[in-house]
Every structure is written in structure tokens, then in C-alpha cells.
Amino acid sequence: MKITTVLAAGLTVMAAFTSATACSSADGSPASTKELHKLVFIQGVAGDGFYVSMKCGIEAEAKKLGATVTTQGPAKFDPTLQTPIVQSVVASHPDAILIAPTDISAMQTPIAQAKAAGIKVVLVDTTLKDPSVAVSSVSSDNLGGGKAAFKAIKQLAPTGGKVLTVSVQPGISTADDRTRGFSQAAKADPAYKDLGVQYDQNDPAKAAQIVTAALQKDPDIVGIFATNLFSAEGAATGVRQAGRQKQVKIVGFDADPAQVSALKEGTVQALVAQQPQTIGVEGVKQAVAALKGKTTTSSIKTGFSIINRDNLDSTGQAAIYKTSC
């Protein structure tokens, strides 16, 4: 009896030790994939520096919180390409999806289907017309970013004049907010005349045509706000073709390597840089909180910074987007 009791006690201790070690590795992180939350990040577009940086933040925070994450994204920022990706991911039934919707209306139903399947949804960067399908929405203060873009143009062209916005297309929540913020700030300053927004459908050639035509109609334009990379690239081409590089100042949005190169070359004069890694980190925190039944925050706004040639080699370095993790 005594021997049996000792053996039983020993086996009990060993079982407890085995159970404890099976749940964690040497560094304290979970080791059993069965217990990890499975997350999927669906980008707005694959390969973009903004989403690469966000992916880095998502992966780092997922590892920290004991979750796995896979990433998918369409080749273009297009709801017709993003929708089948969402449908495929929903069929695989992960625990949560972090997604940057490519259209506020077109992506509403596919994402609602994810919620209906019991999958927690966090919107990162862009949003939906009805964001209530998500446990949280995490994005930059794009309205404030648009206002900051106007402030940058004021510093570049302090005597005032006409300003134009070149954007992608209506229905992209982030670009719409940037446009609105810029317009509000421009209209509030009597020294400047806001010429409104024109859309290039994410085509640099069309953006160049828009700017060329605008400068023919209004040769006294002093500033152009380009809400994304291709808009800035095309706007710069249009200004160059019109021979107005010294007169017209271009402020772009985002800070991936191509945009930073344009800044160095003088193609654009300032960039509004977001904090994509922070968006990714906060998105994972909200997803895991929801999965654990904890309280989530419905809307989270992150900041931005202005990069110009004066601070590019100093404080601006930290704001440049990543090309890999």
C-alpha cells in the first residue's frame, strides 16, 4: 500500500509537470498550436509598403499574445479581387479576421458573412458603411491627416493660391476622409481657393492628365494634395510636363520607399506618414480580447507625422514604411 501510494503520488506530480510544460515553451510562449488563436490578415493590396508594415506589427503582437497569423491580399485594391479571398478565408473558419476593406459598400456583405460564421472581425485601415459587423475598427485619423496635408502646403506656398486634390475613387473610406479634411482646412483659409477633388482610378497616367488639364485651366495652382502613391506619381508627371515644378508644391500621403525616393528627388515636397505597425498591433489586441470575451474598443485612431527633406534623415526615418519584417 505504501509503495502504491508513493508511485501514484509520483505519477501525479509527473503528469502535472508534463501538462504545464506542454502549454508553454522555454521562453514562456504557448507551444501547443491547438490552444493558439488562429488569425488571418486580409490586406487591401499585397506588396504595398503600408500593408507590409502593418503585417509586421500584426505578426509581432500575435506572437506576443499566443496567436498564429497568416496573410493574404489581392494584387490590386479592388473589391472584386478581395471578395473571393474573404470567402475562401471564411470557409477555412479562422478564429478572427483582420481586414482592410477595399470598398465601404461592396465589402459589406462578404465581411458580414464572416461575422455570421462566428468569426470575429477587426477592420484595420479602411472601414465599412456599417462597421458594426466588426468588434473594432482601427485606423489613422485620416481626417486629421488631410488637414495636416493642407498645413504642409501652406508652409510650402505661404502666400496662398489655388489648391487641388487628386484621389483614387469615391468609396474608399480613408481617401474620402483625407480629401474631406484637406477641403475643410483649405476652405477655412481665405488665402486659398479649393478647386475640389478629381479621381484618377489609381492610374498614374490618368492623374497626370488630370493635373495637366487643371494647370491649363488654372495656371495659378500652387499646391496639389495627392491622397496616395499613384496619385502623387501622376501629379508629379503632370506638373513636370507643364513645366511648373518650381510653382506647384505636391504633398503626398504615405511613406513607402517609392514615395520617399520621390521626396528625395524633389518630385513631392512633403509626405503624410501613417503608423501602420501600430494599427496592426492594436488590431490584434482587439481581436484577441474579443476571442477571450473581454471588452473591446469600437473605434481606435492612430496618429501620423509629416516627412520633408529637412527631417528625412533624422526624425523622419522612423516613419518610413518597411519592405519586409
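Residues numbered from 1 in each chain as written. Predicted model: local features only at pLDDT ≥ 70, side-chain atom pairs only at ≥ 80, totals over all residues. Heavy atoms only, no water.

Visitor: A description of the overall build of the chain should follow, citing residues and the corresponding values.
Guide: Check the secondary structure of the chain and you find 10 helices and 12 strands. Relative to its 325 residues, the chain shows a buried fraction of 48%. Contacts spanning at least 24 positions in sequence make up 73% of the contacts within the chain whose residues lie at least 6 apart. When the accessible area of the chain is evaluated, it comes to approximately 15100 Å², of which 55% is carbon and sulfur surface. (Helix = DSSP H or I, 4+ residues; strand = E, 2+ residues; numbered from the N terminus. Buried < 20%, exposed > 50% of the residue type's maximum accessible area, 1.4 Å probe, protein only. Contact = heavy atoms within 4.5 Å. Areas by Shrake-Rupley, 256 points an atom, 1.4 Å probe, with all protein chains shown as cover.)

Visitor: If you had to explain the confidence of the model for the chain to someone new, which residues and values would you point to?
Guide: Per-chain confidence: the chain averages 88 in pLDDT, with 89% of residues scoring 70 or above. Note on residues 1-33: pLDDT is under 50 here. Beyond four places in sequence and across chains, it has 12 contacts. (pLDDT = per-residue confidence, 0-100.)

Visitor: Tell me about the pairing of strand β6 (residues 161-167), and please be specific about residues and values.
Guide: Among the seven residues of β6, six are classified as buried, and the element is accordingly described as predominantly covered. With six bridges connecting them, β6 and strand β7 (residues 192-199) associate as parallel partners. Bridge pairing links valine 163 to aspartate 194 in β7. In this region the chain leaves β6, passes through helix α6 (residues 173-187) and returns to the parallel neighbour β7; the handedness of that crossover is right-handed. (Pairing = 2+ DSSP bridges. Right-handed = clockwise from strand over helix to strand, strands pointing away.)

Visitor: Can you break down the layout of surface pockets residue by residue, with the values?
Guide: The volume enclosed by the largest pocket comes to roughly 580 Å³. Lining the largest pocket are 28 residues, with Val45, Asp48, Phe77, Asn202 and Asn228 sitting closest to its centre. Contributing elements (two or more residues each) for the lining of the largest pocket: α2 (49-65), α6 and α8 (229-241). Of all the elements, α6 adds the most residues to the lining of the largest pocket, at three residues. When grouped by side-chain class, the residues that make up the lining of the largest pocket number 12 nonpolar, nine polar and seven charged. Looking at the second largest pocket, its volume works out to about 220 Å³. Together, Ala148, Lys151, Ala152, Gln155, Leu156, Gln269, Ala270, Ile306, Asn308, Arg309, Asp310 and Asn311 line the second largest pocket. The biggest single contributor to the lining of the second largest pocket is helix α5 (residues 142-156), with five residues. (1 Å grid on protein atoms, 1.4 Å probe; cavity = no way out; pocket = protein on both sides within 12 Å on 5 of 7 lines; lining within 4 Å. Points joined across faces, edges and corners; volume = space filled by probe spheres on them. Nonpolar A, V, L, I, M, F, W, Y, C, P; charged D, E, K, R; others polar.)

Visitor: Quick rundown of the pattern of salt bridges? Include the residues and the values.
Guide: Following the criterion strictly, the structure yields six salt bridges and no others. We note a salt bridge from lysine 154 to aspartate 189, for which the minimum N-O separation is 2.9 Å. One end of the pair, lysine 154, is in helix α5; the other, aspartate 189, is in the loop between α6 and β7, with 35 residues separating them in the sequence. Across the salt bridge formed by lysine 162 and aspartate 220, the nearest N and O atoms sit 3.4 Å from each other. Remark: aspartate 220 occurs in the loop between α7 (204-217) and β8 (221-226) and lysine 162 occurs in strand β6; sequence separation between them is 58 residues. The structure contains a network of salt bridges with shared partners spanning Lys162, Asp218 and Asp220. (Salt bridge = Lys/Arg side-chain N within 4 Å of Asp/Glu carboxyl O.)

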